[in-house]
Amino acid sequence: MKLPQKIWIDGKFKDSRKPAVSVFDRGFLYGDGVYETMRVYGRKIFHFPEHYQRLMRSARGLGIKVKYACASLHSAAEKLLQVNGLKEAVVRITLTRGQGPLGFDPRPCQNPVMVMAAVPVPNHAQILYQKGIQLALARVRRNPRVSIDPAFKSINNLNNIFAKMEAIKQKSYEALMLNTEGYLAEGTISNLFFVKGNILHTPSLDCGLLAGVTRGLVIQLAKKRGLKIKEGFFVPKDLFLAHEVFITSTTLEVMPVARIVDEKARVHKINKGRVGCWAKTLRQDYQEEIVK
Ligand code: PDD
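Below you will find a few notes about this structure. Since the model is a prediction, treat every value here as computed from it, not as a measurement.

Looking at the overall build of the protein chain
Broken down by element type, the protein chain carries eight helices and 15 strands. Radius of gyration (C-alpha) of the protein chain: 19 Å, near the 19 Å computed for a compact globule of 292 residues. Across its three principal directions, the C-alpha atoms of the protein chain cover 55 × 40 × 35 Å. Split into buried and exposed, the 292 residues of the protein chain put 52% on the buried side. Of all intrachain contacts in the protein chain linking residues separated by at least 6 positions in sequence, the fraction that spans at least 24 positions is 71%. For the protein chain, the computed accessible surface area is about 14,700 Å², with 55% contributed by carbon and sulfur atoms. Of the side-chain charges in the protein chain, 46 are positive and 24 negative, and the distance between the mean point of each set is 4 Å.

Structure, rendered in structure tokens:
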């Protein structure tokens, strides 16, 4: 992988090829930290304040302090893009509890570590937006809120990785997880939507999922288009009977789903396997937001 030249770590720009974080860092040892992924279009970071707010919420959830105000972190991220000569990019902020002795007691770790890296945009083939992806219903369930709350964007991603491995086995682009009660929750890196009639459905945050920044924006855009929104508790059958299904995320934007493979490897075509008009319209509306 081609690495960017410079990373930002707690106020300093450093060579990305040189070690910067301790092997005793709690992020490395225990996945004890949080992160954000942001998309950069034409050197501008899309919805930075919303990502910052979520970073604050996640950090608060884990009891980790954020030393930087929104504006100062925003300008540091812009500087990072500049020093790496990146115009279209993804910026990742990782915040860990920092270095400490072995053991789970967080009290000795009083110096959180924050790293920002800017990388080129992952290439989601254009054809996928035209044809729609295949989504695999994973057997692994989303972490319940009472264990590791999915509302906190933690770097403890084993749950998502297990689901992603199932998607790969099923030759699918993304996996969809149910919560432990059997209700639809979310993808490994995305939120879920489906359309039935003139109602846009999406799992309620109470199902235990990340409040996606893209999810929030798509709900607003759909309302503007006159769609009714229903956030609720849904089961896989609701999805198989939907007129349209799509997923959203910062890096995928609005991605249509053409087929769903269930746990028994049966394939369910959505809208006869064709991309529906709402996915196209909302994707266009989303793209207009980017150039605003
Ligand atoms: N993932 N659900 C999960 C579990 C996610 O990891 C993400 C984002 C989303 C969508 O959130 P947003 O619209 O704010 O990107 C939902 C990012 C892209 C990532 O993991 O890098």
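Once you've had a look at it, read on.
Focus on a nonpolar patch on the surface
Side chains of Val23, Phe24, Phe28 and Leu102 sit close together on the surface and give an oily, nonpolar patch of about 460 Å² of accessible area. Looking at the secondary structure, you find Val23 in the loop between β2 (12-15) and α1 (26-30). With relative accessibility at 53%, the residue Val23 sits in the exposed group.

Here's the deal with helix α6 (residues 213-224)
With 12 residues, α6 extends 17 Å from end C-alpha to end C-alpha; this agrees with the ideal 16 Å at 1.5 Å per step. Buried within α6 are the following residues: Val213, Thr214, Arg215, Leu217, Val218, Ile219, Leu221 and Ala222.

Details of the site of the ligand
Thr37, Glu186, Val213, Thr214 and Thr250 are the nearest of the 20 residues found near the ligand. Relative to its unbound accessible area of 470 Å², the ligand is 93% covered by the protein chains. Mapping the ligand onto the cavity grids shows that it belongs to the largest pocket. Put simply, the parts of the chain that give the shell around the ligand at least two residues each are β3 (33-41), β9 (184-187), α6 and β13 (244-249). Residue composition of the shell around the ligand, by class: four nonpolar, 12 polar and four charged.

Describing the pattern of salt bridges
This model, assessed by the stated rule, comprises 14 salt bridges. Linking Arg145 and Asp206 is a salt bridge whose minimum nitrogen-to-oxygen distance equals 3.8 Å. With Arg145 in the loop between β7 (133-137) and α5 (158-169) and Asp206 in the loop between β11 (199-203) and α6, the pair connects residues that are 61 residues apart, well separated along the chain. Because the salt bridges share partners, they merge into one network encompassing Arg26, Asp32 and Arg97.

Criteria and cut-off values
Residues numbered from 1 in each chain as written. Predicted model: local features only at pLDDT ≥ 70, side-chain atom pairs only at ≥ 80, totals over all residues. Heavy atoms only, no water. Helix = DSSP H or I, 4+ residues; strand = E, 2+ residues; numbered from the N terminus. Rg over C-alpha atoms; globule rule 2.2 N^0.38 Å. Buried < 20%, exposed > 50% of the residue type's maximum accessible area, 1.4 Å probe, protein only. Contact = heavy atoms within 4.5 Å. Areas by Shrake-Rupley, 256 points an atom, 1.4 Å probe, with all protein chains shown as cover. Lys, Arg positive; Asp, Glu negative; His and termini not counted. Charge placed at Lys NZ, Arg CZ, Asp CG, Glu CD. Patch = residues over 30% accessible without salt bridge, like charges linked within 9 Å, V, L, I, M, F, W, Y side chains within 5 Å. Salt bridge = Lys/Arg side-chain N within 4 Å of Asp/Glu carboxyl O. Expected span 1.5 Å × (residues − 1). Near = heavy atom within 4 Å. 1 Å grid on protein atoms, 1.4 Å probe; cavity = no way out; pocket = protein on both sides within 12 Å on 5 of 7 lines; lining within 4 Å. Sits in = over half its atoms within 2 Å of the grid points. Nonpolar A, V, L, I, M, F, W, Y, C, P; charged D, E, K, R; others polar.

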